[in-house]
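For reference, the chains in residue letters:
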Amino acid sequence: MSEKRYTKREGFKISSIPLTYKHAIPVSKTEKFWKGLAEGKIYATRCKICGSLYFPPQADCANCRSADMEWVEVPEEGVLVTFTKVYARPQGYEEFDPYIIAIVEAGDVRVMGWVMNINDESKIKIGSKVKIKPVYIEKHDKYIIGFYV
Amino acid sequence: MRRVAVVGVGMSAFGVRNDVTIQELVWEAVREALDDSGLKQKDIELSVVGTVNTRGYELMPAVVVNEYSGLTGRGPVRVEAACATGSAALWTAYSAVASGQVDVAIAIGVEKMNEVDTATSLAVGGRAGNYLWEFHMYGTTFPAYYAFYATAHMQKFGTTEEQMAMVAVKNHKYASRNPKAHFQFEVTLEEVLKSRPIAWPLKLLDCSPISDGAAAAVLASEDVARKITDTPVWIEAIGYSSDTSNFTRRPHYLGLEATRKAAEMAYRRSGVEPRQVEVAEVHDCFTIAEIMAYEDLGWVEKGKGGIFIAEGQSELGGKVSVNLSGGLKAKGHPLGATGLAQIYELVKQLREERERGRQAPLRNYIALGHNVGGTGHYAYVTILRR
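The structure presented is a predicted model; accordingly, all values stated were derived computationally and were not measured.

### Overview of the overall build of chain A
Argument step 1. When you go through chain A residue by residue, the secondary structure sums to one helix and nine strands.
Argument step 2. Mapped in sequence order, the helices and strands of chain A form the string β-α-β-β-β-β-β-β-β-β.
Argument step 3. Relative to the compact-globule value of 15 Å for 149 residues, chain A shows a C-alpha radius of gyration of 20 Å, a clear excess of over 25%.
Argument step 4. Over its C-alpha atoms, taken along the principal directions, chain A stretches across nearly 65 × 45 × 30 Å.
Argument step 5. Residue burial in chain A is summarised as follows: out of 149 residues, 41% are buried.
Argument step 6. Considering only contacts within chain A whose residues lie at least 6 apart along the sequence, 47% involve residues at least 24 apart.

Here you go:
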């Protein structure tokens, strides 16, 4: 193996004036989804005019330009399509143990979520049936979608 | 549409560049590109500045870098297309020349990524999908997105962690011969496989580094190019496409549809066939990305990318010589600079100016650059010919 040569040039530095963003996200048009999670429901939207199904839910149908949407529940069971386990956690998630994120096909939509009942990624198989339900994450005071393999 | 040539290229050393500001870094690339073209700033009619710059303190840096480079008044237009920003800058400058609006333009790409810590950098990168529905709820990271592809590709096609590691070994080998690369050292298969997990199944040495860097290309119309250089490199076509921001809305996780469509456009517009490409820089932000690129760019059938690397088909002198710069994986991946650094490398390759041990053997003198933004959110495929 060769000597580890790499480009790393340091020098005199000064600190910037810190900048903090904390956004108030306007989710009024998808309010039912966010409140639904707390009630154990996961909602998608469907266009009443052309039938297009949206998950994540959206208030406008880009297909037929209608805003006439109805809320429909995402099935409680699905099939695991792919997954990963996040070891290098980003800012905001440092206090979590490494977590498994998966994509699950549920009826005609796919949803992202955390696998809640298995921690060993080698025990997870693509194609497995999973139960889908909202779960409360205390550290962030939020609900997310949880998967149970 | 007029023919457009690349008449000058420049690139800074990639790596941790905490010795310079963004404008000083840009100047390293612009100075070299101007020197290479033989042109002066007054000859440049338009400057296009590509930078993502979500980690920088200079939030609107286009005029800052333009001023420092003596280009005030010549543009700038700032563009952003995540990790494909450099190609978006190239496309914008190319379009301005091809349409006849200007005769000479410069495309500049730059990224400073090491002025914030790694956790912050991961949090910014993880927002590259759709913040509200993904990062906000699940803490997705950039490696995690490509890990989704790796897991699915492995399961469906039997692609192995060893095959992915071979991409890292190959690209580090060429980077060790590239004095401008971030990582100028080789790695062994075992070292890659034993490196710490980042987002399973991707490990540290499957990932491109967090790099600073700048690159630039001077473009000219055919009339101007013929007058100023004996070695114009022609932009035969630039194909582009995109995919959904919501990862869950992608049709599958076995390849990048945006790449496939951008490649189809580039091949069709240039009349070049995949097998004619002799040297390529492909978007290997993670090792799985290079394996999928072999397939999506049409060099091998879908699912056989792992075998393509294992057989050495992408080595120097193979079916197509891929990432002789070291790729994003080892040369480094400063987002806004990457697309133009690919052009820098390919122009040097086509002019046969590369160092020993990493100059591709050429007969057709056809090169391909493949630059992906986000996790397949954008893709650009550029075909160059000398």
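### With respect to the overall build of chain B
Argument step 1. Regarding its fold elements, chain B presents 14 helices and 13 strands.
Argument step 2. Against the globule reference of 21 Å for 386 residues, chain B gives a C-alpha radius of gyration of 19 Å, in line with a compact fold.
Argument step 3. For chain B, the spread of C-alpha atoms along the three principal axes comes to 55 × 45 × 40 Å.
Argument step 4. Taken over 386 residues, chain B has a buried fraction of 66%.
Argument step 5. The contacts in chain B between residues at least 6 apart in sequence include a share of 76% that link residues at least 24 apart.
Argument step 6. Taken as a whole, chain B presents about 12300 Å² of accessible surface, with 49% of it coming from carbon and sulfur.

### Quick word on the side chain of H153 of chain B
All names here are of chain B.
Argument step 1. Looking at where H153 falls in the secondary structure, it is placed in helix α6 (residues 142-157).
Argument step 2. Given a relative accessible area of 0%, H153 falls into the buried group.
Argument step 3. Only 2.7 Å separates the side chain of H153 from the side chain of T159, close enough to count as a polar contact.
Argument step 4. Excluding residues that lie within four positions of it along the chain, H153 makes contacts with G158, T159, Y253, L254, I288, I291, M292, E295 and G303.

### Observations regarding the interface of chain A and chain B
Argument step 1. The interface of chain A with chain B comprises 54 residues on the first partner and 52 residues on the second.
Argument step 2. Interface area for chain A against chain B, summed over the two sides, is near 4300 Å², with a carbon-plus-sulfur share of 63%.
Argument step 3. As a salt-bridge pair, E191 of chain B and K4 of chain A come within 3.8 Å of each other at their nearest N and O atoms.
Argument step 4. Linking chain A with chain B are 35 residue pairs in polar contact (both at pLDDT 80 or more), by the criterion used here.

### Examining the sheet that holds strand β4 (residues 69-73) of chain A
Residue and element names in this part refer to chain A.
Argument step 1. With antiparallel pairing, the three strands of this open sheet are ordered in space as β3-β2-β4. The outermost strands of the open sheet, each flanked by one partner alone, are β3 (53-54) and β4.
Argument step 2. Across five bridges, the pairing between strand β2 (residues 43-47) and β4 is antiparallel. Looking at β4, one finds that T45 is bridged to W71.

### A few points about helix α14 (residues 335-350) of chain B
Given 3.6 residues to a turn, an α-helix orients residues that are three or four positions apart in the same direction.
Argument step 1. Helix length check: α14 of chain B (16 residues) gives 24 Å between terminal C-alpha atoms against 22 Å at 1.5 Å per residue, within 8%.
Argument step 2. Across the 16 residues of α14 of chain B, 16 count as buried, placing the element largely inside the fold.

### Observations concerning the environment of I137 of chain A
All names here are of chain A.
Argument step 1. Here I137 is to be found in strand β8 (residues 129-137).
Argument step 2. I137 sits in the buried class, given a relative accessible area of 7%.
Argument step 3. Not counting residues within four places of it along the chain, the set of residues in contact with I137 comprises F96, W114, K142 and I144.

### Some details on a nonpolar patch on the surface
Argument step 1. Residues L19 and Y21 of chain A together with L59 and M60 of chain B make up a contiguous nonpolar surface patch of about 480 Å² in total accessible area.
Argument step 2. Locating Y21 of chain A in the fold gives a position in the loop between β1 (8-9) and α1 (31-38).
Argument step 3. Overall, Y21 of chain A belongs to the exposed group, its relative accessible area being 58%.

### Things to note about the sheet that holds strand β9 (residues 233-242) of chain B
Residues and elements named next belong to chain B.
Argument step 1. Here ten strands make up an open sheet; going across it, the order is β4-β3-β5-β8-β1-β9-β13-β12-β10-β11 and the pairing mixed. Strand pairing shows two members of the sheet lacking a second neighbour, β4 (77-79) and β11 (321-322), which therefore form its edges.
Argument step 2. As defined by bridge partners, strand β3 (residues 46-50) adjoins strand β5 (residues 104-111) across five bridges and the pair is classed as parallel. Among the inter-strand pairings, G50 is bridged to a residue of β5, identified as G109.

### Regarding the packing of helix α3 (residues 85-98) of chain B against α14 of chain B
All names here are of chain B.
Argument step 1. In contact at an axis separation of 5 Å, α3 and α14 are set at 60 degrees when each is read in the N-to-C sense. Between α3 and α14, the angle is such that the two are oblique. Residues T85, G86, S87, A89 and L90 of α3 lie in contact with α14, whose contacting residues are L335, G336, G339, L340 and I343.
Argument step 2. For the contact of α3 with α14, a count of residues per class yields five nonpolar, five polar and no charged.

Quick notes on the rules
- Residues numbered from 1 in each chain as written.
- Chains lettered and ligands numbered in written order.
- Predicted model: local features only at pLDDT ≥ 70, side-chain atom pairs only at ≥ 80, totals over all residues.
- Heavy atoms only, no water.
- Helix = DSSP H or I, 4+ residues; strand = E, 2+ residues; numbered from the N terminus.
- Rg over C-alpha atoms; globule rule 2.2 N^0.38 Å.
- Buried < 20%, exposed > 50% of the residue type's maximum accessible area, 1.4 Å probe, protein only.
- Contact = heavy atoms within 4.5 Å.
- Areas by Shrake-Rupley, 256 points an atom, 1.4 Å probe, with all protein chains shown as cover.
- Polar contact = N/O pair within 3.5 Å; in protein donor to acceptor, adjacent residues only side chain to side chain.
- Buried area = accessible area lost by both parts, 1.4 Å probe.
- Salt bridge = Lys/Arg side-chain N within 4 Å of Asp/Glu carboxyl O.
- Pairing = 2+ DSSP bridges.
- Expected span 1.5 Å × (residues − 1).
- Patch = residues over 30% accessible without salt bridge, like charges linked within 9 Å, V, L, I, M, F, W, Y side chains within 5 Å.
- Axes fitted to C-alpha atoms, helices over the stretch in contact; angles between N-to-C directions.
- Parallel < 35°, antiparallel > 145°, perpendicular 65-115°, else oblique.
- Nonpolar A, V, L, I, M, F, W, Y, C, P; charged D, E, K, R; others polar.

Purely spatial values, then, with no claim about function.
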